[in-house]
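Observations on chain architecture
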Amino acid sequence: MAVLDLRRKLAILSDAAKYDASCASSGTSRRDSRGGKGVGSSGPGMGICHAYAPDGRCISLLKILLTNYCIYDCAYCVNRVSSNVPRARFTVQEVVDLTLNFYKRNYIEGLFLSSGIIRSGDYTMEEMVRVVRALRLDRDFRGYIHLKLIPEASPALTAEAALYADRVSINIELPRDDSLARLAPDKDVAGIRRTMGEVRLGIDERSEKGRRVRAPRFAPAGQSTQMIVGADEAADGEILARSETLYGAYRLRRVYYSAFSPIPDATARLPLQRPPMMREHRLYQADWLLRFYGFSRDELIGRAENLDLAIDPKLAWALRHRDRFPVDVNRADREMLLRTPGLGVRTVDRLLAMRRQRRLRLEDVRRLCGGVGKVTPFIVAADWSPLALADAEHPVAPEPRQLSLF
Ligand code: SF4
C-alpha cells in the first residue's frame, strides 16, 4: 500500500465526508477556555456546519472520515468495499493534531468525525473514541465535536463516545427498511434503532430532574440522523412519516435529508439521476413545520404523496384550508398564527407581545415580518382586510404548469 502524505489523506478523507449532511452544532452546552484553561470554546447556537475543502475554502468544522476503507457494501455509498476510489486512513494522532492545529489557526470551530467500518463495528468505534478521548482528556479541547456512531459497536463504547462528543448521530440511511435490506445488506436496522434508543436513554437520564448525583455528561447537543432522498421509491409522505416516528421515539434533534447523488459504477438498482434539489428543500421546510409549527405529517401530506415543488408546504396547506383564513392578527391564537403563511415563530411571538400593548395595523405586521407580500392575503389587521381568496386573483397560487410527456 502506498504511503500517503497528510495533505493527500486530508484531500481524500474530507472529500469522502461530504456526503454526510448531519453536522450542525446548535444546542450544545457552553464551554470555553477563558482563564487560560483548555483549548477552544463551544457556545450554543453557533450553527456551524461547514466542511474543510482541500483548496482551503470555508472551514468552520473539520469534517472528515477517519478512513474511507469499509468492509460493507452499501450500494449508494462511494466508500463501499466494491468501489474503485482512492483509499486513505488517518491515525488517531493525526486527527488530534489536525483538529488542534486547524483550531489554533482559526480555520475551524470543531470536528465532525465519521468513518467507514474497518475490521468490525467495535474496532472502528474504539478508534474514533480514542480520537475524542485524546482531544478532551489529554489536550483539554473545548471546541465542538460531532461524532458519528457505529450502530454495531457495544453500548459501553457508545456511552463513552457520548461522554466526549457534543452531538452524536447514527444514519438511518433510507426511509424504508426493505430498501435498506436491499441496498445495504450488511446494515442492521434493529441495531440502528437499538443504538438510537441507548442514546435517548442516556440523554434522558442525564437531564432527569431531581437527581441527587449528577449523571455523567452525555451528548448535550443530542442526536441526529440522515436519510437519503431519491435512492428508493419512497414518497415524501413516507419519508416524513419516518421522520415523525424518529422524532417521537428517539427525541432526535434533527433529521437531515440528503438528495441521492449518483456515484460512479453504481448498481442498476439505483436511479441514474439525482432528485431535484428543490425536493430536499421542501422536505426541510415540511420537517421544520413538524418540529416548530405544530403540524402533524398527515396534515401536510398523505403517506404516498410528494410535496409540491412549486410552493412551500405551509402555503400549500393554507390554500387547501381557505375556510380558516383570513386570521385576525389581533385575536387569533398562537397555533393559528403559526399556520399562517409568511409568519415565522419569532414573528408570531413578537406579534403576540406587541398586541398586548395595542391593536396591530398592517404596518406593524410589515415591520415585524420585514415585508408583507406573502402574508396579506391571509390576515386581517386593524386597518386591513383582504379580498376573498379566489384562485383567479390570488397572488400566491402556483402558476399553471404543462405536465411533462416523458
Ligand atoms: S457502512 Fe455503508 S454507508 Fe457507511 S461507509 Fe461503509 S459502505 Fe458507506
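Analysis parameters
Residues numbered from 1 in each chain as written. Predicted model: local features only at pLDDT ≥ 70, side-chain atom pairs only at ≥ 80, totals over all residues. Near = placed C-beta within 6 Å. Nonpolar A, V, L, I, M, F, W, Y, C, P; charged D, E, K, R; others polar. Core = buried A, V, L, I, M, F, W, Y, C linked by C-beta atoms within 7 Å. Buried ≥ 20, exposed ≤ 12 C-beta atoms within 10 Å, placed from the backbone. Helix = DSSP H or I, 4+ residues; strand = E, 2+ residues; numbered from the N terminus. Domains from an automatic or database assignment. Contact = placed C-beta atoms within 7 Å. Expected span 1.5 Å × (residues − 1). Pairing = 2+ DSSP bridges. Axes fitted to C-alpha atoms, helices over the stretch in contact; angles between N-to-C directions. Right-handed = clockwise from strand over helix to strand, strands pointing away.

Thoughts on the site of the ligand
- Around the ligand lies a shell formed by Cys70, Tyr72, Cys74, Cys77, Asn79, Arg80, Gly116, Ile117 and Ala184.
- Class assignment of the residues belonging to the shell around the ligand gives a composition of six nonpolar, two polar and one charged.

Quick word on the nonpolar core
- Grouped together as the largest cluster of nonpolar side chains are 99 residues, with contacts concentrated most on Leu13, Leu113, Met128, Val132, Leu147, Ala161 and Ala165.
- The greatest single-element share of this core, amounting to six residues, is contributed by helix α3 (residues 121-138).
- Two domains each put at least three residues into this core: domain 1 (6-223) and domain 2 (322-380).
- Residue contacts for Val132: discarding those within four places in its chain leaves Ile145, Leu147, Ala161, Tyr164 and Ala165.

Focus: α3
- The end-to-end C-alpha separation of α3 is 25 Å, in line with the 26 Å expected for 18 residues at 1.5 Å each.
- For α3, the full list of buried residues reads Gly121, Thr124, Met125, Glu127, Met128, Val129, Val131, Val132 and Leu135.
- The inward-facing, buried residues of α3 abut α2 (92-104), β2 (110-114), β3 (144-148) and α4 (155-164).
- Directly beyond the C-terminal end of α3, a positive phi value near 55° is found at Asp140.

A short note on the sheet that holds strand β5 (residues 223-229)
- An order of β1-β2-β3-β4-β5-β6 is seen for the six strands of this open sheet, with the pairing classed as parallel. Where the open sheet ends on each side, the last strands, each with one partner, are β1 (61-65) and β6 (254-259). When the angles between neighbouring strand axes are averaged without regard to direction, this sheet yields 20°.
- Where β2 lies against β3, four bridges are found, and the strand directions are parallel. Bridge assignment links Gly110 to a residue of β3, and that residue is Tyr144.

Here's the deal with the pairing of β5
- Within β5, seven of the seven residues are buried, which leaves the element mostly enclosed by the surrounding structure.
- Taken together, the two bridges between strand β4 (residues 167-169) and β5 define a ladder with parallel strand orientation. Across the sheet, Val168 pairs through a bridge with Gln223, a residue of β5.
- Both β5 and β6 contribute to a ladder of six bridges, which runs parallel. Bridged to Met227 within β6 is Tyr257.
- Following the chain from β5 across helix α7 (residues 236-250) to the adjacent parallel β6, one finds a crossover that is right-handed.

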